[in-house]
Amino acid sequence: MKKLLYLSLMLVLAGACKQAEDKHVVVTGIDSTKNPGDDFFMYANGIWYDTVKIPGTQSGVGSYSFLNYPQRIRMQAILDSVAVATNAPGSIAQKVADFYRAGMDTATINQRGYDPVKPILAQVDAINSVASLLKFVAAQEQTGNSSILGFRVGPDMKRSSVNIVLLAQTGTGLPERGYYFKEDAPTVKVQDAYKKYVTTLFQLIGTDAVEAAKSSETVFKIERQFAEAHKTNIERRNVQANYNKLAVTEIAKRQPNINWPTLFADMGVQTDSLNMQQPAYYDKLNAMLKSVSLADWKVYLKAKTLTRYANVLSKPFSNAAFEYSKVLSGQAVRKPRGEEMTEAVDRALGHALAQLYVKKYFPQEAKKRMQVLVENLKTAFEARITKLDWMSDSTKAKAKEKLYAFTEKIGYPDKWRDYSNVQVSNQTYFENWLSVNRNEYDESVAKINKPVDRTEWHTTPPTVTAYNNPPLNEIVFPAGILQPPYFDLYADDALNYGGIGMVIGHEITHSFDDQGAQYDKDGNVKNWWTKEDYEKFKARTQQVIDQYNQFTVLDSVHVKGPLTVGENTADIAGIAIAYDAFKLTEQGKSGKKLDGFTPDQRFFISIARIWRVKTTDEFMRNYVNTNSHSPARWRVNGPLMNFTPFYTAFGVKEGDKMFKPESERIVVW
Ligand SMILES: [Zn+2]
């Protein structure tokens, strides 16, 4: 059943059948009754879009992040097989298998109810002063029960070879600050669901209905106070404003109620300085430690503990968590337990599971092909920099230096992450998580003020994603994205350059978007622009903001131009770079039609095909509020309406909905 579902799904997703002999893939799902110049996304994907159904267990279907669904089915097959094998104690296979088995053992989990968190709740009950509250917070932080501290360890933005302590704003439960203040119907629906969720959790630990509802209101009020001090996700794009390197002695004076020296000692953190990324939050926390009553704080900390662990406890708790998440995702029913637990193993021991995954699913040839593609894309980008008419030669030289200082990671890490300190048994799902969290915390703390490990990966290899990490000046393409429709060893260059080529161009451009452009070739936030060139660059990114602000998503919902500007810039330039690189290939030069399409047309169809997704409205609403990417349709139509070769390829003319006069077509890079 699962296999069949998987196969048919892959066919729908790839929309393709392989014909290895002539090395090309037939693209299906195109709606040729539509005019490509009106809505290219629906032209290239229309038949697929109109016929595909979103499975009840998912919030969407198609490629990109939704391709993680078939990925999970592959990973689950691995887990199902190691779970019945005999594995050497302490081996990767044993840890992965037992973590999965413990999670699948719902009889034990349900029978334990909320016993696992009772000791934590008892500790909350014992809090009798701000000092003991902070002791509780410090202890819980170490096993992953984070509440009022946004503690992390990462590169110092201005000295990126060294890790420092980072403190970010936190404390809230809703997806973004705006959810606490907006009064429109969809937002109120989310607020109500969240309050109901917290109420239910209190009832599940024996609080009566009236008291539980009151507690939920208390939690919401505390969180709303935090949210008042939060920066919006648009404000947080300001790289410089997130850099506030402060001495611990300084913050000890500035926020005396937090008692930082004692807190850090209790957390096992040794440092003289740190980056307080959003100080307004900690100023507010400092004040609230006095203004909010201890009784209310205790309610809040209980709620934080319960929401943190609801998914790891018995069914009534995890169901309550699902009922809330449903309002944000539109996912109709819970995933089968096996799929949920595959996600859990990927989160907890992802680099262990990945070792088993890549052995089975990642062809070494893919890595070699990718290295060639990345080199070709870099060459194409260099040529575009040379041709830019708005940039001076001195800035161009610096940009090229940065381009050639890049490193790329492809497939999976050279050095796997070590889980030897993680204890896993097949009986204790909750405690397995504590051990995973403890290990992560200990690893973080050990890195403070130490050199950055350049071999680390910030995603698991089977994940369908790619990223640019500015402090390391690196781009990363995990095994998960090196598969159709992005990358296909059997496909023609048009599809691969319009697929993974576009993704590579996109990731390279992140080093030169509104944020990336502020990092130098060594990954430090340091200006390398002339003043005049930087002004011109900003004027161009402003054009991107203004244009994308106009795009409609649902009813009155528009793309948020200032939130998505970095991604949109990367899409606009990414397509251009991939196209230039494609034009250097034999197929790109040939003009020879395949399946009735010119090479250029196939390149653009591939762009639309890699963002072929269909989602629930709930998912899309939350996505637009919180995600820095534009929705799929605008990741296709947005860049293409700015790209003249697209007009030529499909004969787009005045009067077509995507048409823009040449003077309005934006070129940043
Ligand atoms: Zn991106």
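Computed from a prediction, not measured in an experiment: that's the story for all the values here.

**Structural notes on the coordination of the zinc ion**
For a metal bound by four donors in a tetrahedral arrangement, the ideal donor-metal-donor angle is 109.5 degrees, while six donors in an octahedral arrangement ideally sit at 90 or 180 degrees.
Piece 1. Taken together, the protein donors to the zinc ion comprise His 506 (NE2), His 510 (NE2) and Glu 567 (OE), at separations of 2.0 to 2.1 Å.
Piece 2. With relative accessibility at 11%, the residue Glu 567 sits in the buried group.

**Quick notes on the packing of helix α8 (residues 185–204) against helix α9 (residues 209–229)**
Piece 1. Where α8 contacts α9, the two axes come as close as 8 Å, and the packing angle between them is 130°. In terms of their interaxial angle, α8 and α9 are classed as oblique. Crossing of α8 against α9: the hand is right-handed. Of the residues in α9, those touching α8 at Gln 191, Tyr 194, Lys 195, Val 198, Thr 199, Phe 202 and Gln 203 are Ala 209, Ala 212, Ala 213, Ser 215, Ser 216, Glu 217, Val 219, Phe 220 and Glu 223.

**What to know about the environment of Lys 526**
Piece 1. With respect to the helices and strands, Lys 526 occurs in the loop between α19 (493–510) and α20 (531–549).
Piece 2. A relative accessible area of 54% means that Lys 526 is categorised as exposed.
Piece 3. Sequence separation between Lys 526 and Arg 159 is 367 residues, and the spatial gap between their C-alpha atoms is 9.7 Å.
Piece 4. Setting aside its immediate chain neighbours within four residues, Lys 526 contacts Gln 518, Tyr 519 and Asp 520.

**Quick notes on helix α21 (residues 561–582)**
Piece 1. Counted at 1.5 Å a residue, the expected span for α21 with its 22 residues is 32 Å, and the 29 Å between its end C-alpha atoms agrees.
Piece 2. Along its length, α21 shows its largest kink, about 40°, at Glu 567.
Piece 3. Most of α21 is tucked away, with 21 of its 22 residues classed as buried.

**A closer look at the confidence of the model for the protein**
Piece 1. Per-residue pLDDT for the protein averages 95, and the proportion of residues at 70 or more is 97%.
Piece 2. Counted against residues more than four places away or in other chains, residues 1–21, with its pLDDT under 50, gives 38 contacts.

**Comments concerning the packing of aromatic side chains**
Piece 1. Summed over all chains, the structure comprises 54 aromatic pairs.
Piece 2. Ring pairs connect the aromatic residues Phe 40, Tyr 43, Tyr 497, Tyr 579, Phe 582, Phe 603, Phe 604, Phe 643, Phe 646, Tyr 647, Phe 650 and Phe 659, which therefore count as one cluster.
Piece 3. When the ring centre of Tyr 179 is taken as reference, the NZ or CZ atom of Lys 182 above it lies at 5.8 Å.
Piece 4. Note that Arg 635 overlies the ring of Trp 611, its terminal NZ or CZ placed 3.9 Å from the centroid.

**Here's the deal with the environment of Phe 381**
Piece 1. Along the polypeptide, Phe 381 turns up in helix α16 (residues 364–387).
Piece 2. Once the C-alpha coordinates of Phe 381 and Ala 578 are considered, the two residues, 197 residues apart in sequence, prove to be 8.7 Å apart.
Piece 3. Excluding its chain neighbours within four sequence positions, the residues that come into contact with Phe 381 are Leu 403, Ile 508, Phe 512, Ile 577 and Trp 669.

**Digging into the packing of α16 against helix α17 (residues 393–405)**
Piece 1. Orientation of α16 relative to α17, taken along the N-to-C sense of each, is 170°, at an axis distance of 10 Å. Viewed along their axes, α16 and α17 adopt a mutual orientation that is roughly antiparallel. Listed contacts from α17 to Lys 378, Thr 379, Phe 381, Glu 382, Ile 385, Thr 386 and Lys 387 of α16 are Lys 396, Ala 399, Lys 400, Leu 403 and Tyr 404.
Piece 2. Here the contact of α16 with α17 is composed, by residue class, of 5 nonpolar, 2 polar and 5 charged.

**Let's talk about the sheet that holds strand β5 (residues 159–168)**
Piece 1. Sheet architecture is open: 4 strands sit in the order β4-β5-β7-β6, paired in mixed fashion. Taken across any chain shown, the strands that pair with only one partner, and hence form the sheet edges, are β4 (150–156) and β6 (245–247). Going across the sheet, the axis of each strand differs from the next one's by a mean of 40°, ignoring polarity.
Piece 2. Pairing of β4 with β5, which is carried by 7 bridges, proceeds in the antiparallel orientation. Paired with Arg 152 across the two strands is Leu 166, which belongs to β5.
Piece 3. Helix α12 (residues 279–291) contacts β4, β5 and β7 (273–276) of the sheet and is inclined by roughly 35° relative to β5.

**Overview of the pairing of β5**
Piece 1. Burial analysis of β5 places 7 of its 10 residues in the buried class, which makes it a mostly covered element.
Piece 2. A loop of 2 residues connects β4 with β5, the two strands running antiparallel in sequence.
Piece 3. Bridge analysis of β5 against β7 gives 2 bridges, and the strand direction is parallel. Within β7, the position partnered with Leu 167 by the bridge is Met 276.

**Quick word on the domain arrangement of the protein**
Piece 1. If you check the domain split of the protein, you get domain 1 (2–62 + 362–417 + 456–664), domain 2 (63–113 + 313–361 + 418–437) and domain 3 (114–312).
Piece 2. Each of domain 2 and domain 3 has a C-alpha centre, and the two are 27 Å apart.
Piece 3. Every contact between the two is made by 18 residues of domain 2 and, on the other side, 27 residues of domain 3.
Piece 4. Contact between domain 2 and domain 3 buries roughly 2,000 Å² in total, counting both sides, with carbon and sulfur atoms accounting for 73%.
Piece 5. Contact with domain 3 buries surface across domain 2, with Leu 313, Phe 317 and Tyr 324 losing the most and accounting together for 35% of the total.
Piece 6. Summed over the shared surface of domain 2 and domain 3, the number is 0 salt bridges.
Piece 7. The interface formed by domain 2 and domain 3 contains 6 residue pairs in polar contact (both at pLDDT 80 or more).
Piece 8. Among the elements of the structure, α5 (106–112), α14 (315–329) and α18 (429–447) are those that each provide at least two residues to the side of domain 2 that touches domain 3.
Piece 9. When residues of the side of domain 2 that touches domain 3 are assigned to their parent elements, the largest contribution, 8 residues, is made by α14.
Piece 10. Grouping the amino acids of the side of domain 2 that touches domain 3 by side-chain chemistry returns 13 nonpolar, 4 polar and 1 charged.

**Thoughts on helix α15 (residues 337–361)**
In an α-helix, one full turn covers 3.6 residues, which means residues spaced three or four apart are oriented alike.
Piece 1. Spanning 25 residues, α15 covers only 23 Å between terminal C-alpha atoms, well under the ideal 36 Å at 1.5 Å per step.
Piece 2. Most pronounced at Leu 349, the bend in α15 amounts to some 110°.
Piece 3. In terms of burial, α15 is largely enclosed, as 20 of its 25 residues are buried.

**Looking at the pairing of β7**
Piece 1. Pairing of β6 with β7 involves 3 bridges; the strand directions are antiparallel. Bridge assignment links Ala 247 to a residue of β7, and that residue is Ser 273.

**As for the pattern of salt bridges**
Piece 1. Enumeration over the complete set of coordinates arrives at 35 salt bridges.
Piece 2. Note that Glu 323 and Lys 326 form a salt bridge whose closest N and O atoms lie 3.4 Å from each other. Separated by 3 residues within a single helix, Glu 323 and Lys 326 lie in helix α14, roughly one turn from each other.
Piece 3. For Glu 323, a relative accessible area of 43% corresponds to the partly exposed category.
Piece 4. Linking Asp 595 and Arg 602 is a salt bridge whose minimum nitrogen-to-oxygen distance equals 3.5 Å.
Piece 5. For Asp 595, a relative accessible area of 40% corresponds to the partly exposed category.
Piece 6. Connected through salt bridges with shared partners, the residues Arg 72, Lys 335, Glu 339 and Glu 343 form a single ionic network.

**So, the sheet that holds strand β10 (residues 474–478)**
In sheet architecture, strand pairing relies on hydrogen bonds along the backbone and comes in two forms, parallel and antiparallel.
Piece 1. What the 3 strands build is an open sheet, ordered β8-β10-β9; its pairing is mixed. Each of the sheet's edge strands pairs with one partner strand only, and the pair in question is β8 (407–411) and β9 (467–469). Here the strands of the sheet are splayed against their neighbours by 20° on average, with no regard to which way each runs.
Piece 2. Summarising the sheet, β9 and β10 pair through 3 bridges and their orientation is antiparallel. Across the sheet, Asn 469 pairs through a bridge with Glu 474, a residue of β10.
Piece 3. Contacts between α19 and the sheet are confined to β9 and β10, with β10 contributing the most and set at about 150° to the helix.

Cut-off values and rules
- Residues numbered from 1 in each chain as written.
- Predicted model: local features only at pLDDT ≥ 70, side-chain atom pairs only at ≥ 80, totals over all residues.
- Heavy atoms only, no water.
- Donors = N, O, S within 2.8 Å, 3.2 Å for Na, K, Ca; no water.
- Buried < 20%, exposed > 50% of the residue type's maximum accessible area, 1.4 Å probe, protein only.
- Axes fitted to C-alpha atoms, helices over the stretch in contact; angles between N-to-C directions.
- Helix = DSSP H or I, 4+ residues; strand = E, 2+ residues; numbered from the N terminus.
- Parallel < 35°, antiparallel > 145°, perpendicular 65-115°, else oblique.
- Left-handed = near helix turned anticlockwise from the far one by under 90°.
- Contact = heavy atoms within 4.5 Å.
- Expected span 1.5 Å × (residues − 1).
- Bend = angle between axes of the 7 residues up to and from the residue.
- pLDDT = per-residue confidence, 0-100.
- Phe/Tyr/Trp six-rings, centres within 6.5 Å; stacked < 30°, edge-to-face > 60°.
- Lys NZ or Arg CZ within 6 Å of the ring centre and 35° of its normal.
- Nonpolar A, V, L, I, M, F, W, Y, C, P; charged D, E, K, R; others polar.
- Pairing = 2+ DSSP bridges.
- Domains from an automatic or database assignment.
- Buried area = accessible area lost by both parts, 1.4 Å probe.
- Salt bridge = Lys/Arg side-chain N within 4 Å of Asp/Glu carboxyl O.
- Polar contact = N/O pair within 3.5 Å; in protein donor to acceptor, adjacent residues only side chain to side chain.

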